[in-house]
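Below, each chain spelled out in residue letters.
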Amino acid sequence: MRDITFHYDPVSPYAYLAFERLPEVLLGHSVQVHYKPVLFAALLKSHGQLGPAEIPSKRDWTYRQVAWLGHHHGVPLEMPAAHPFNPLALLRLGLACATDDAPGETSRYVTEQLFHHVWRGGQDAADPARLATLQVVLQDHMAQRGKAWQAADGETVKQRLRANTDEALALGLFGVPALVVDGRIFWGQDALPMLRAYLDGDAWFQSGAWEAVPHTRIGVTRGR
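Residues numbered from 1 in each chain as written. Predicted model: local features only at pLDDT ≥ 70, side-chain atom pairs only at ≥ 80, totals over all residues. Heavy atoms only, no water.

Asker: Can you explain the overall build of the protein chain? Please cite residues and give values.
Answerer: When you go through the protein chain residue by residue, the secondary structure sums to nine helices and four strands. Against the compact-globule benchmark of 17 Å for 224 residues, the protein chain has a radius of gyration of 18 Å, which places it among compact chains. With respect to the three principal axes, the spread of C-alpha positions in the protein chain is 50 × 45 × 35 Å. By the burial criterion, 43% of the 224 residues in the protein chain qualify as buried. For the protein chain, the exposed area adds up to about 11900 Å²; of that, 54% sits on carbon and sulfur atoms. Looking at charge distribution, the protein chain has the averaged site of its 21 positive side-chain charges lying 5 Å from that of its 23 negative ones. (Helix = DSSP H or I, 4+ residues; strand = E, 2+ residues; numbered from the N terminus. Rg over C-alpha atoms; globule rule 2.2 N^0.38 Å. Buried < 20%, exposed > 50% of the residue type's maximum accessible area, 1.4 Å probe, protein only. Areas by Shrake-Rupley, 256 points an atom, 1.4 Å probe, with all protein chains shown as cover. Lys, Arg positive; Asp, Glu negative; His and termini not counted. Charge placed at Lys NZ, Arg CZ, Asp CG, Glu CD.)

Written as structure tokens, this is what we have:
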């Protein structure tokens, strides 16, 4: 069995699409997926980048593209009432469900609840009443499993999110979704076919092409 770590932030429609498509991509392979929420904005800040929704013309294209991708892949997707939004409350609710043996991970069920909260129904993802309802659902889920619930606004949960984000930065992650397997990073929902090829044993990954990339010389650097 192979381990895949799925780094995500529910604010990202691409992470949502990748989450929904992942079971099909992994079909026939024995894998264990570890879902790790991270703060996407912190990755952007560390690398001096803007998110696609922070660039006006790119924002319009992003929303059109993800709507089409949902249609194309048969994944229900409705834009939330406002986007981007602050996902901290959602990230912390997810990690309030993490267990002591995997303190930085959310189960597939919990991860699904976070994504569906944002990308299904076209409602306000940051609405306090909706977040309170989601918290009740997640608390009930943990109670049914006989697992402890950590206060979503407590230091334990905040530290879990910081640790996940720091780990992502240490790995060199710059965006979400980022799937890591055998030390290789596959970024974006459009990298899923590449991930599948790797799992299938595509000979390209043994050709040296992957390792050669960092040796490409930088021709020019723009001033900032």
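Still more to cover.
Asker: Which residues make up the nonpolar core, and what are the values?
Answerer: In terms of nonpolar packing, the biggest core is built from 60 residues, with Phe6, Leu22, Phe115, Leu179, Phe186 and Leu195 touching the most fellow members. Considering each element in turn, this core owes the most residues, eight residues, to helix 1 (residues 13–25). If we ignore the near neighbours within four places in the chain, the residues touching Phe6 are Ala15, Ala18, Phe19, Leu22, Val33, His34, Tyr35, Lys36, Phe115, Pro177, Ala178 and Leu179. (Core = buried A, V, L, I, M, F, W, Y, C linked by side-chain atoms within 4.5 Å. Contact = heavy atoms within 4.5 Å.)

Asker: Which residues make up the packing of helix 4 (residues 88–95) against helix 7 (residues 155–170), and what are the values?
Answerer: In contact at an axis separation of 9 Å, helix 4 and helix 7 are set at 105 degrees when each is read in the N-to-C sense. On the basis of the axis angle, helix 4 is roughly perpendicular to helix 7. From helix 4, Leu88, Leu91, Arg92 and Leu95 reach across to helix 7, where they touch Val157, Lys158, Arg160, Leu161 and Asn164. (Axes fitted to C-alpha atoms, helices over the stretch in contact; angles between N-to-C directions. Parallel < 35°, antiparallel > 145°, perpendicular 65-115°, else oblique.)

Asker: Tell me about the sheet that holds strand 3 (residues 178–181), residues and numbers included.
Answerer: Taken together, the four strands give an open sheet; going across it, the order is 2-1-3-4, and neighbouring strands pair in mixed fashion. At either margin of the open sheet sits one strand with a lone partner, and together these are strand 2 (31–37) and strand 4 (184–187). Averaged over all pairs of adjacent strands, the angle between their axes in this sheet comes to 20 degrees, without regard to strand direction. Two strands pair when backbone bridges link them, and strand 1 (residues 2–8) and strand 2 are joined in this way by seven bridges, in the parallel orientation. Residue pairing across strands places Asp3 opposite Gln32, the latter belonging to strand 2. (Pairing = 2+ DSSP bridges.)

Asker: Describe helix 1, listing the residues and the values that go with them.
Answerer: Between its first and last C-alpha, helix 1 extends 18 Å over 13 residues, near the 18 Å set by a 1.5 Å rise per residue. In helix 1, a bend of some 30 degrees at Phe19 exceeds every other bend along the element, and Pro23, a proline, comes one to four places later. Counting buried residues in helix 1 gives ten out of 13 residues, a clear majority hidden from the surface. Listed in full, the buried residues belonging to helix 1 are Pro13, Tyr14, Ala15, Tyr16, Leu17, Ala18, Phe19, Arg21, Leu22 and Val25. On the buried face of helix 1, the contacting elements are strand 1, strand 2, helix 3 (56–73), helix 5 (108–119), strand 3 and helix 8 (192–199). Its side-chain oxygen 3.3 Å from the backbone nitrogen of Tyr14, Ser12 forms the N-cap of helix 1. (Expected span 1.5 Å × (residues − 1). Bend = angle between axes of the 7 residues up to and from the residue. Polar contact = N/O pair within 3.5 Å; in protein donor to acceptor, adjacent residues only side chain to side chain.)

Asker: Got a sec to walk through the side chain of Asp9? Specific residues and values, please.
Answerer: Within the secondary structure layout, Asp9 lies in the loop between strand 1 and helix 1. No salt bridge is formed by the buried Asp9, whose closest oppositely charged neighbour, Arg92, lies at an N-O distance of 11 Å. At 3.0 Å, the side chain of Asp9 and the backbone nitrogen of Phe40 are in polar contact. Among all residues touching Asp9, those that are not within four sequence positions of it are Ala15, Val38, Leu39, Phe40, Pro87, Leu91, Phe115 and Val176. (Salt bridge = Lys/Arg side-chain N within 4 Å of Asp/Glu carboxyl O.)

Asker: Talk me through the pairing of strand 1; I want residue IDs and the actual numbers.
Answerer: Most of strand 1 sits out of view: five of its seven residues are buried. In this view, the connection linking strand 1 to its parallel neighbour strand 2 by way of helix 1 has right-handed handedness. Both strand 1 and strand 3 contribute to a ladder of three bridges, which runs antiparallel. Residue pairing in the sheet places Thr5 in a bridge with Val180 of strand 3. (Right-handed = clockwise from strand over helix to strand, strands pointing away.)

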